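Architecture at a glance
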Amino acid sequence: MNLEPTAYFSRVSDIPLDMLISNGVGTLVVDVDNTLMPYDEDSIPDDIAEWMRKAKRHFTIVVISNTKPYRAKIIRKTLHVPAYGMCMKPLPISWLVLRRRVPKDKSAVVIGDQFFTDGLYAKWNNLEFIKVEPLSPKDAAHTKVTRWLEKILFTTKAKPSH
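Residues numbered from 1 in each chain as written. Predicted model: local features only at pLDDT ≥ 70, side-chain atom pairs only at ≥ 80, totals over all residues. Heavy atoms only, no water.

**Brief notes about the overall build of the chain**
A count of helical and extended segments in the chain gives 6 helices and 6 strands. Burial analysis of the chain (162 residues in total) assigns 48% to the buried set. Across the chain, contacts joining residues at least 24 apart in sequence account for 69% of those joining residues at least 6 apart. Summed over its atoms, the accessible surface of the chain is roughly 8300 Å², and 56% of this surface lies on carbon and sulfur atoms. (Helix = DSSP H or I, 4+ residues; strand = E, 2+ residues; numbered from the N terminus. Buried < 20%, exposed > 50% of the residue type's maximum accessible area, 1.4 Å probe, protein only. Contact = heavy atoms within 4.5 Å. Areas by Shrake-Rupley, 256 points an atom, 1.4 Å probe, with all protein chains shown as cover.)

**Some remarks on the pattern of salt bridges**
In total, this model carries 4 salt bridges according to the counting rule given. Among the salt bridges present, the one from arginine 53 reaches glutamate 50, with a minimum N-O distance of 3.9 Å. Of the two residues, arginine 53 and glutamate 50 both sit in helix α2 (residues 46–56), 3 residues apart, roughly one turn of that helix. Judged by relative accessible area, arginine 53 falls into the partly exposed class, the value being 38%. Assessed through its relative accessible area of 35%, glutamate 50 is described here as partly exposed. (Salt bridge = Lys/Arg side-chain N within 4 Å of Asp/Glu carboxyl O.)

**Focus: the packing of aromatic side chains**
Tallied over the full model, the rule gives 2 aromatic pairs. Considering the side-chain rings of tyrosine 8 and phenylalanine 115, the 6.4 Å spacing of their centres and the 70° angle between planes classify their relative orientation as edge-to-face. Here phenylalanine 115 lies in helix α5 (residues 115–124) and tyrosine 8 lies in strand β1 (residues 7–9), a separation of 107 residues in the sequence. Aromatic side chains phenylalanine 115 and phenylalanine 129 sit 6.2 Å apart centroid to centroid with 75° between the ring planes, which places their arrangement in the edge-to-face category. Taken together, the residues span a long stretch of sequence, with phenylalanine 115 in helix α5 and phenylalanine 129 in strand β6 (residues 128–132) at a distance of 14 residues. (Phe/Tyr/Trp six-rings, centres within 6.5 Å; stacked < 30°, edge-to-face > 60°.)

**Observations regarding the nonpolar core**
Considering soluble globular proteins, one finds that nonpolar side chains tend to be buried as a cluster. Core analysis: the biggest nonpolar cluster contains 30 residues, and Leu20, Leu28, Trp51, Ile75 and Ile111 have the highest contact counts within it. Residue assignment for this core shows that the elements contributing at least two residues are β1, α1 (17–22), β2 (25–30), α2, β3 (60–64), α3 (69–79), β5 (107–112) and β6. Tallying contributions element by element places α2 first for this core, with 5 residues. Not counting residues within four places of it along the chain, the set of residues in contact with isoleucine 111 comprises Val12, Ile15, Leu28, Val29, Val30, Asp31, Thr35, Trp51, Ile130 and Val132. Listed in part, the 12 residues of the second largest apolar core include Val29, Ala108, Val110 and Tyr121. (Core = buried A, V, L, I, M, F, W, Y, C linked by side-chain atoms within 4.5 Å.)

**Considerations on the sheet that holds β1**
The 6 strands are arranged β1-β6-β5-β2-β3-β4 in an open sheet whose pairing can be described as parallel. Every other strand in the sheet has two partners, leaving β1 and β4 (83–84) as the edge strands with one partner each. One ladder, built from 5 bridges, connects β2 with β5; its direction is parallel. Within β5, the position partnered with valine 30 by the bridge is isoleucine 111. (Pairing = 2+ DSSP bridges.)

**Section: the confidence of the model for the chain**
A residue-level look at the chain finds 78% of positions with pLDDT of 70 or above and a mean pLDDT of 85. Per-residue pLDDT, averaged within each element of the chain, yields its smallest value for helix α6 (residues 141–154) (65) and its largest for α2 (98). (pLDDT = per-residue confidence, 0-100.)

Put into structure tokens, the structure is as follows:
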């Protein structure tokens, strides 16, 4: 299975909205930890919050994450988008949230910082995957293992577009 993303960017806010629009994207499925918020902070960086506000004008947005429920609540209250924590990506149970929230007639793209959760989730759902760099070097203990594997498997290919 090819986990290569459609595109790489340093941050969510570096993803050109025009590129998504011109590619016919209708829905953004976005991760939380180290994608929208640093793992060790409970706030969204200003540039990312502004990008999400602009994106809401053009796309259906749903946040599907393995984050703790209180962090998903921060996203819901701050950005006013549906946000779900403890989704257990990429396991099949996480697909239920996607199927209930993403319109079937719209092209969707997954935006996240990990190949083995966000990337697999995208590929198993036949969606495009945009990889961003983690916002923080801090991670959950189990994520450190997958990051180590990512470095081994994807080192030469993981070059951000911006």
